[in-house]
Amino acid sequence: MFKTKMTELFGVKHPIMLAGANWITEPKLVSAVCNAGGLAIFATARCTPEETRQNIRQIRELTDKPFGINQILVGPGAKENIDVAIEEKVPVINYALGKPWFIEQVHEYGGKVLGTTALARHAARAEQLGCDALVITGYEAAAHGADATSMVLIPIVASQVKIPLIAAGGFHNGRGLAAALVLGADAISMGTRFMLTKESVLHENFKQLCLKATEQDTLYSTVFDGMPGRALKTKAAEAMMKGGFPLVEAFKGASEIKQMLGLSLWQFIRLSFQMMRADEDSSPLWVQAREAAGVRRHLKSINNGDLEEGILFAGQDIGGINDVPSVEELIERIITEAEDVLEAVRGKRVKV
Ligand SMILES: Cc1cc2nc3c(=O)[nH]c(=O)nc-3n(C[C@H](O)[C@H](O)[C@H](O)COP(=O)(O)O)c2cc1C
């Protein structure tokens, strides 16, 4: 058992978090992680406000443990989804990109705000703004990170901030948990590893493809959804790296997103400009259109198991994942392994 600043803050048994992952962190997986003693985050980016509310309520039917939602603050529907989460008094509000305006509101009902960043300077700023804890994402991670690896980022951020740190990117086993704790983190966050569990909705074809992948089988590029991100080396991902901008597909996807989130054309355009003003380096309309194309291809992998056309965000740690256990088995295994590894390391010390 580990007692860290993270387990204390969130009132969970283990220093392990399920990272918000669009379309993957569905209520069944979220509640399984919570019930096994971890903290789990439901990604709301795909949801209308009403769907966000329904999912929050569904999670509450499946678990009475703390859980969170994850929302990118500069994307479509961000404010509305955050408002719903606050109305529903979700215990943990996890945000990425943009400036959180809701910290006081969340603290008023006893909730916690968890920032996500891949840059040390943003970590310090989030602490100053009043965030309760931080997820710091290394280059190894699935989807969006920045240029520094977890190995470099964790100790730098740990030396600069006092709030609990949750390390994301490259963690899939007990060795990783032990390493993260030694580097200065208080917990690990995993996306790729939890995607390969019995409770995950990922289509069986892609589960099998992931099991065969090595640590070299991911690609890092802006082609997947407009922001620098890491995806599994599938046929479609490789073709996207070679091809130009998928204009027709982006247009189709953009209309689907607009419809899915119930946005008027005006709202859709306005959100693009909001993204342009956001405090991150991006070209918003470009990003928006690419994101639209990315969503379509992601659904082809997760729901349809389409090995020809699907793309799937995945981290470099995919190379170390060789089975599909239940969430409970996985968490227990990681905790036991981390304890054993730390014990073994202690045994290597000699007094001189
Ligand atoms: C399929 C998939 C989808 C993801 N979607 C999102 C997302 O919508 N928003 C986000 O902030 N991160 C997303 N992530 C990234 C995770 O939040 C997390 O940073 C990452 O999985 C950690 O690295 P790891 O995969 O090595 O554990 C996604 C990850 C995966 C595997």
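Residues numbered from 1 in each chain as written. Predicted model: local features only at pLDDT ≥ 70, side-chain atom pairs only at ≥ 80, totals over all residues. Heavy atoms only, no water.

**Q** What should I look at first to understand the sheet that holds strand β6 (residues 133–137) in this one?
**A** Strands in a sheet are paired, the pairing made by backbone hydrogen bonds, and the direction either parallel or antiparallel. Read around the closed barrel, the 8 strands follow the order β1-β2-β3-β4-β5-β6-β7-β8; overall the barrel is parallel. Recorded for the sheet is a direction-independent mean angle of 25° between the axes of neighbouring strands. Strand direction decides the pairing type here: β6 and strand β7 (residues 165–168), joined by 4 bridges, are parallel. Note that in β7 the partner of Ile136 across the bridge is Ala167. (Pairing = 2+ DSSP bridges. Helix = DSSP H or I, 4+ residues; strand = E, 2+ residues; numbered from the N terminus. Axes fitted to C-alpha atoms, helices over the stretch in contact; angles between N-to-C directions.)

**Q** Honestly, the site of the ligand in this entry has me stumped. Any pointers?
**A** Around the ligand lies a shell of 19 residues, among which Gly20, Gly170, Gly191, Thr192 and Asp317 are the nearest. Within the backbone of Asn22, an N or O atom sits 3.1 Å from a nitrogen atom of the ligand. Contact distances for the ligand include 3.0 Å between an oxygen atom and a side-chain N or O atom of Asp317. Alone, the ligand offers 600 Å² of accessible surface; in the complex the protein occludes 92% of this. At the level of secondary structure, the elements contributing two or more residues to the shell around the ligand comprise β8 (187–190) and α9 (192–195). Of the residues that constitute the shell around the ligand, the class distribution is 9 nonpolar, 9 polar and 1 charged. (Near = heavy atom within 4 Å. Polar contact = N/O pair within 3.5 Å; in protein donor to acceptor, adjacent residues only side chain to side chain. Areas by Shrake-Rupley, 256 points an atom, 1.4 Å probe, with all protein chains shown as cover. Nonpolar A, V, L, I, M, F, W, Y, C, P; charged D, E, K, R; others polar.)

**Q** Is there a simple way to explain the packing of aromatic side chains in this structure?
**A** Where two aromatic rings form a pair, the distance of their centres and the angle of their planes describe that pair. For the coordinates displayed, the defined rule picks out 3 aromatic pairs. Ring centres of Trp101 and Phe102 lie 5.0 Å apart, and the angle between their planes is 85°; this geometry places the pair in the edge-to-face category. Assessed through its relative accessible area of 0%, Phe102 is described here as buried. Ring centres of Tyr139 and Tyr220 lie 4.7 Å apart, and the angle between their planes is 65°; this geometry places the pair in the edge-to-face category. Taken as a pair, Tyr139 in the loop between β6 and α7 (150–160) and Tyr220 in strand β9 (residues 218–221) lie far apart in primary sequence, 81 residues in all. (Phe/Tyr/Trp six-rings, centres within 6.5 Å; stacked < 30°, edge-to-face > 60°. Buried < 20%, exposed > 50% of the residue type's maximum accessible area, 1.4 Å probe, protein only.)

**Q** Looking at this model, I keep getting lost on the confidence of the model for the protein chain. Mind explaining?
**A** Low-pLDDT stretches of the model should not have their predicted coordinates read in fine detail. Averaged over every residue, the pLDDT of the protein chain is 90; residues scoring 70 or more account for 87%. This stretch, residues 278–283, has a pLDDT under 50; its non-local contacts, to residues over four places away or in other chains, come to 8 contacts. (pLDDT = per-residue confidence, 0-100. Contact = heavy atoms within 4.5 Å.)

**Q** What should I look at first to understand the side chain of Thr192 in this one?
**A** One can find Thr192 in helix α9. Since its relative accessible area comes to 4%, Thr192 is described here as buried. Each residue touching Thr192, except ones within four places of it in the same chain, is listed here: Ala142, Ala314, Gly315, Asp317, Ile318 and Ile321.

**Q** Can you walk me through the nonpolar core in this structure?
**A** For soluble globular proteins, the rule of thumb is that nonpolar side chains tend to be buried together. Phe102, Phe194 and Leu202 are the most contacted members of the largest nonpolar core, which has 72 residues in total. The dominant element in this core, judged by the number of residues it contributes, is helix α15 (residues 327–347), at 7 residues. Of the residues that make up this core, three or more belong to each of domain 1 (5–201) and domain 2 (204–302). Met6, Val12, Met17 and Ile41 belong to the second-largest nonpolar core, a separate cluster that totals 13 residues. (Core = buried A, V, L, I, M, F, W, Y, C linked by side-chain atoms within 4.5 Å. Domains from an automatic or database assignment.)

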